[in-house]
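What the coordinates show
What follows is each chain in one-letter form.
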Amino acid sequence: MFHIEDDQFSLTPHRTSHSAFREVFHAHSQLELTYIHDGYGQLITEGHVFPLEPGMLMIFRPFQLHHVQIEVSEAHPFIRTVLMVDLELLHSYWPHFITTHHFIQHLLHEQPSIPPILLMPSSPLIQRMEHFGEQYTLLLPHEAAEDARLFTLDILTQLRYLWKTAIQPLNSYSSTQSADFSGYLNPHAEAAMQWIERNYSDSFSLEDIAEELHLSAYHLSHVFKKATGTSIIAYAQATRIRHACVLLSRTVLSIPEIGHRVGMPSPSYFCKVFRKATGTTPHQYRLKVTGRD
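Each chain carries its own residue numbering, running from 1 in the written order of its sequence. Reporting of local features is limited, given that this is a predicted model, to residues whose pLDDT is at least 70; pairs of side-chain atoms are given and counted only at 80 or more, and all residues count toward the totals for whole chains, interfaces and linings. To get the side-chain values, take all heavy atoms of the structure and skip hydrogens and water.

Some remarks on the overall build of the protein
Defined as follows: Elements are defined by DSSP. Helices are runs of H or I of four residues or more, strands are runs of E of two residues or more, and each kind is numbered from the N terminus. The globule rule is 2.2 Å times the number of residues to the power 0.38, and the radius of gyration it is compared with is taken over C-alpha atoms. A simple rule labels every residue: compare its accessible area, found with a 1.4 Å probe on the protein chains alone, to the largest value its type can have, and call it buried under 20%, exposed over 50%, or partly exposed in between. Two residues qualify as a contact provided that any one of their heavy atoms is within 4.5 Å of a heavy atom in the partner residue. Working definition of accessibility: Shrake-Rupley area with a 1.4 Å probe, residue cover restricted to the visible protein chains.
Helix and strand content of the protein: ten helices and eight strands. Expected size for 293 residues packed as a compact globule is a radius of gyration near 19 Å; at 20 Å, the protein falls within 12% of this value. Principal-axis analysis of the C-alpha atoms gives the protein an extent of 55 × 50 × 35 Å. Burial statistics for the protein: of 293 residues in total, 47% are counted as buried. The contacts in the protein between residues at least 6 apart in sequence include a share of 74% that link residues at least 24 apart. Surface exposure of the protein reaches about 14,800 Å², of which carbon and sulfur atoms provide 55%.

Written out as structure tokens, the structure is:
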């Protein structure tokens, strides 16, 4: 392959936001690494909340639902370097890099959300991202296609090295932060997210969730919107679309069957919601990520 599409590999150094924003909950088929150079905020992912500050590396597995809220000021705009990579780029390389492949499989199948890792800017992983980000746009297409793969392998290897040394401090840091930030995400909002994750395959309403949590529908809707910046219905749809993307990419189930399994038994409604969320139909999405009908 002499050309890499933007949805297969992209590296954006020092992307800067000068105004606060709340992303919608979203997921994508690529592995994402985002390093925060400056700025503060919080990450909400899969019913967990993590504070964000300069020096943190966020790791998002493919199809991991997440949402970032940032705080900015004149002194602290939100500056990050973002790497998005489709791991299928390395499919033919894995037989030659067995150790790294095993590590990535472990990483992708970790059950809990991966808390942000605190790294110095001098870390080899961050330095490598910085340097390649400066060079990538200057490469010819055939150079970019080759070098992006080599770079990705190097970054994954650096991440493997980091995992051995950072996983214990990471667990300690996470437990400390959870005490400091208790209540930072409304517990009712967190409980609603976890309820949706357990029940997304069924049809349900806001009233069903509220009754299960012993709250009024109005109160639950209000605290969820205040905590996350989005509605419960929008979050439930995003959860279902995330699981649909996984099934489309990893199974040969029919599209109506996938819609049924993610709680949208009407094929036309499933296709409508999927297209609105992703910009493409389920069939086109499957072709794109797998090359099969």
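Overview of the pattern of salt bridges
Quick reminder of the rule: The working definition used for a salt bridge is a side-chain nitrogen of Lys or Arg within 4 Å of a carboxyl oxygen of Asp or Glu.
As enumerated under the stated definition, the model contains three salt bridges in all. Ionic pairing is found between aspartate 154 and arginine 128, a salt bridge with its closest N-O pair at 2.6 Å. Highlighted residues: aspartate 154 in helix α3 (residues 141-180) and arginine 128 in helix α2 (residues 124-136), separated in sequence by 26 residues. Residue aspartate 154 is classed as partly exposed on the basis of its relative accessible area, which comes to 24%. In this structure, arginine 242 and glutamate 197 form a salt bridge, with 2.6 Å as the shortest nitrogen-oxygen distance. Pair noted here: arginine 242 is in helix α7 (residues 232-250) and glutamate 197 is in helix α4 (residues 187-199), with a separation of 45 residues, a long-range link. The buried category is assigned to arginine 242, whose relative accessible area is 9%.

Focus on the packing of aromatic side chains
Just so we agree on the cut-off: Paired rings are identified among Phe, Tyr and Trp, the last through its six-membered ring, by centres lying within 6.5 Å, and are further divided according to the angle between planes into stacked (under 30 degrees), edge-to-face (over 60) and tilted (the rest). Our definition puts a charge over a ring when NZ of Lys or CZ of Arg is within 6 Å of the ring centre and also within 35 degrees of the ring normal.
Evaluated as defined, the whole model comprises eleven aromatic pairs. Look at phenylalanine 224 and tyrosine 235: their rings are 5.8 Å apart centre to centre, the planes differ by 65°, and that puts the pair in the edge-to-face class. You can see phenylalanine 224 sitting in helix α6 (residues 217-228) and its partner tyrosine 235 sitting in helix α7, a full eleven residues away along the chain. Of the residues examined, phenylalanine 224 reaches a relative accessible area of 0% and is grouped as buried. Assessed through its relative accessible area of 1%, tyrosine 235 is described here as buried. The ring of phenylalanine 204 is capped by arginine 240, whose NZ or CZ atom sits 4.6 Å from the centre of that ring.

What about the environment of proline 13?
Secondary-structure assignment places proline 13 in strand β1 (residues 9-17). What makes proline 13 partly exposed here is its relative accessible area of 30%. In sequence terms proline 13 and methionine 56 are 43 residues apart; their C-alpha atoms lie 15 Å from each other. In this structure proline 13 touches Arg80, Thr81 and Gly133, once residues within four positions along its chain are discounted.

A look at the nonpolar core
Among soluble globular proteins, nonpolar side chains are generally buried collectively. Quick note on the threshold: In these notes, a set of buried Ala, Val, Leu, Ile, Met, Phe, Trp, Tyr and Cys residues joined through side-chain atoms within 4.5 Å is what counts as a nonpolar core.
Core analysis: the biggest nonpolar cluster contains 36 residues, and Phe9, Ile59 and Leu159 have the highest contact counts within it. Residue assignment for this core shows that the elements contributing at least two residues are β1, β2 (31-38), β5 (56-60), β7 (78-85), α1 (98-108), α2 and α3. Sort the elements by how many residues they give to this core and α3 lands first, with ten residues. When residues no more than four places from it in sequence are discounted, the contact partners of phenylalanine 9 are Ile4, Leu83, Met84, Val85, Leu89, Phe132, Tyr136, Ala148, Phe151 and Thr152.

What to know about unusual backbone geometry
The backbone phi angle of histidine 14 is positive, close to 55°, even though this residue is not glycine. Note that histidine 14 resides in strand β1. Classification of histidine 14 as partly exposed rests on a relative accessible area of 39%. With a phi close to 70°, phenylalanine 63 is a non-glycine residue in the positive phi region. With respect to the helices and strands, the residue phenylalanine 63 is situated in the loop between β5 and β6 (66-71).

Some details on the sheet that holds β1
The pairing of strands in a sheet happens through backbone hydrogen bonds and is either parallel or antiparallel. Spelled out, the test is: Paired strands, in this sense, are two strands between which DSSP finds at least two bridges.
Taken together, the five strands give an open sheet; going across it, the order is β1-β7-β2-β5-β8, and neighbouring strands pair in antiparallel fashion. In this open sheet, the two strands that pair with only one neighbour each are β1 and β8 (117-118). Relative to β8, β5 runs antiparallel, the two sharing two bridges. Bridge assignment links methionine 56 to a residue of β8, and that residue is leucine 118.

Brief notes about the pairing of β6
Of all the six residues making up β6, five are buried; the element is thus mostly covered by neighbouring parts of the structure. Pairing geometry for strand β3 (residues 40-45) and β6, over six bridges, is antiparallel. Counted as the bridge partner of threonine 45 is histidine 66 from β6.

Section: a negative patch on the surface
For clarity, the threshold we go by: A residue counts toward a patch only above 30% relative accessible area and without a salt bridge, and it is joined to like-charged neighbours within 9 Å or, for Val, Leu, Ile, Met, Phe, Trp and Tyr, to nonpolar neighbours within 5 Å. Positive residues here are Lys and Arg, negative ones are Asp and Glu, while His and the chain termini are left out of the count. Lys charges are placed at NZ, Arg charges at CZ, Asp charges at CG and Glu charges at CD.
Taken together, Glu207, Asp208, Glu211 and Glu212 make up a surface patch of like negative charges. Tracing the chain through its elements places glutamate 212 in helix α5 (residues 206-212).

Geometric values such as these leave the question of function open.
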